[in-house]
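# Structural features, examined
Each chain, letter by letter, is given below.
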Amino acid sequence: MPDIGGADLFVLAFGDILHYFTPYTATLFLLALLFTGLVIVARPEGQVDIAFGGDAYYAKQTTVPEMRFRRFMAIACGLASMGAMASGDLFNFTLFVSLVGITNVGIVAAVKSRHVLNAAYEYGIVAMVATLPLFGGAALILGTTGTLSIPALAAGGYAVPLVAKILLGLGVIGEGMAPFYAAKAEMFRAPGAPYVIMCSLSSLLIFLRVVEIVITI
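Residues numbered from 1 in each chain as written. Predicted model: local features only at pLDDT ≥ 70, side-chain atom pairs only at ≥ 80, totals over all residues. Heavy atoms only, no water.

## Observations concerning the side chain of T94
The test is simple: Secondary structure elements are defined from DSSP: runs of H or I of at least 4 residues count as helices, runs of E of at least 2 residues count as strands, and each element is numbered from the N terminus. Buried residues are those whose accessible area, probed at 1.4 Å on protein chains only, stays under 20% of the maximum for their type, while exposed residues exceed 50% and partly exposed ones sit between those limits. We call two residues contacting when some pair of their heavy atoms lies within 4.5 Å.
Looking at the element boundaries, T94 is found in helix α3 (residues 90-109). Among the residues examined, T94 registers a relative accessible area of 0% and is labelled buried. In this view, T94 contacts L134, F135, A138 and L168; residues no more than four positions away in its chain are not counted.

## Regarding the packing of aromatic side chains
Two numbers describe a pair of aromatic rings. These are the distance of the centres and the angle of the planes. To keep things clear, this is the line we draw: Ring pairs are drawn from Phe, Tyr and Trp, using the six-membered ring of Trp, whenever the two centres fall within 6.5 Å, and their geometry is named by plane angle: stacked under 30 degrees, edge-to-face over 60, tilted for the rest.
Under the definition given, this model contains three aromatic pairs. Ring geometry for F21 and F29: centres 5.0 Å apart, planes at 70°, overall edge-to-face. On the accessibility criterion, F21 (19% relative accessible area) is buried. Its relative accessible area of 21% is what places F29 among the partly exposed residues. Of the aromatic side chains, those joined through ring pairs into one cluster are F10, F21 and F29.

## Quick notes on the pattern of salt bridges
Filter applied, for reference: One side-chain nitrogen of Lys or Arg within 4 Å of one carboxyl oxygen of Asp or Glu is enough to make a salt bridge.
Inspection of the entire model under this criterion finds one salt bridge. Taking the shortest distance from any N to any O, the salt bridge between E212 and R209 comes out at 2.7 Å. In this pair, E212 and R209 are both assigned in helix α8 (residues 193-216), three residues apart and thus about one turn of the helix distant. A residue is classified by how much of its surface remains accessible, and E212, at 5% relative accessible area, is buried. Since its relative accessible area comes to 0%, R209 is described here as buried.

## Notes on the nonpolar core
Considering soluble globular proteins, one finds that nonpolar side chains tend to be buried as a cluster. What counts here: Here the nonpolar core consists of buried residues drawn from Ala, Val, Leu, Ile, Met, Phe, Trp, Tyr and Cys, with membership extended through side-chain atoms lying within 4.5 Å.
Within the largest apolar cluster, 42 residues are counted, with the highest numbers of intra-cluster contacts made by L90, F93, I107, I141, V172, I206 and I217. Elements with a contribution of two residues or more to this core: β2 (17-21), α1 (23-41), α2 (64-86), α3, α4 (114-145), α5 (150-154), α6 (162-173) and α8. Filtering out sequence-adjacent residues up to four positions away, I206 remains in contact with A84, M85, F93, V97, V100 and V172.

Laid out in structure tokens, this is it:
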């Protein structure tokens, strides 16, 4: 199904590197762009914790440098997500996916909370291990077909190994989708809703894109 995403709306080629938009990828790109803009202008809420079994509660204090760093990482995550949506080259796609994983950790890395930092550390390990099947799948496709161009692979004439598609899917799933999502759950105790939501949105967009790629090639 080479046209699963629809007819090409825009194609920009830089030699062997290709960027393009279809109705499907353009929709995902605009969603990432819209939320990145929201992150830029949003003011994070003040998080309040309530003591279990009593009426006591306390507000979590976040410093300006901490929120500035997290805003920067959230914007970088949005840009990486947009890059993954527009990329027509499997190698660049895997690079953007890896960058999304790194920025997801960076979004909460400045939070002074033991639970959040432990979760970020565990998720970082999972994301790091996930790069092995991610890049391994791309390398296997290059070794067997001689190209990493998604449109070229979608046009037919290349026998893309099933195991390579599975490795690509596993690599993306390891960046924050179920069942590896459990390593990410505790990170959502971090204050700053727009930044934390970007972690989930970016993983969802990457997953939707890799599904389209795997079916197309």
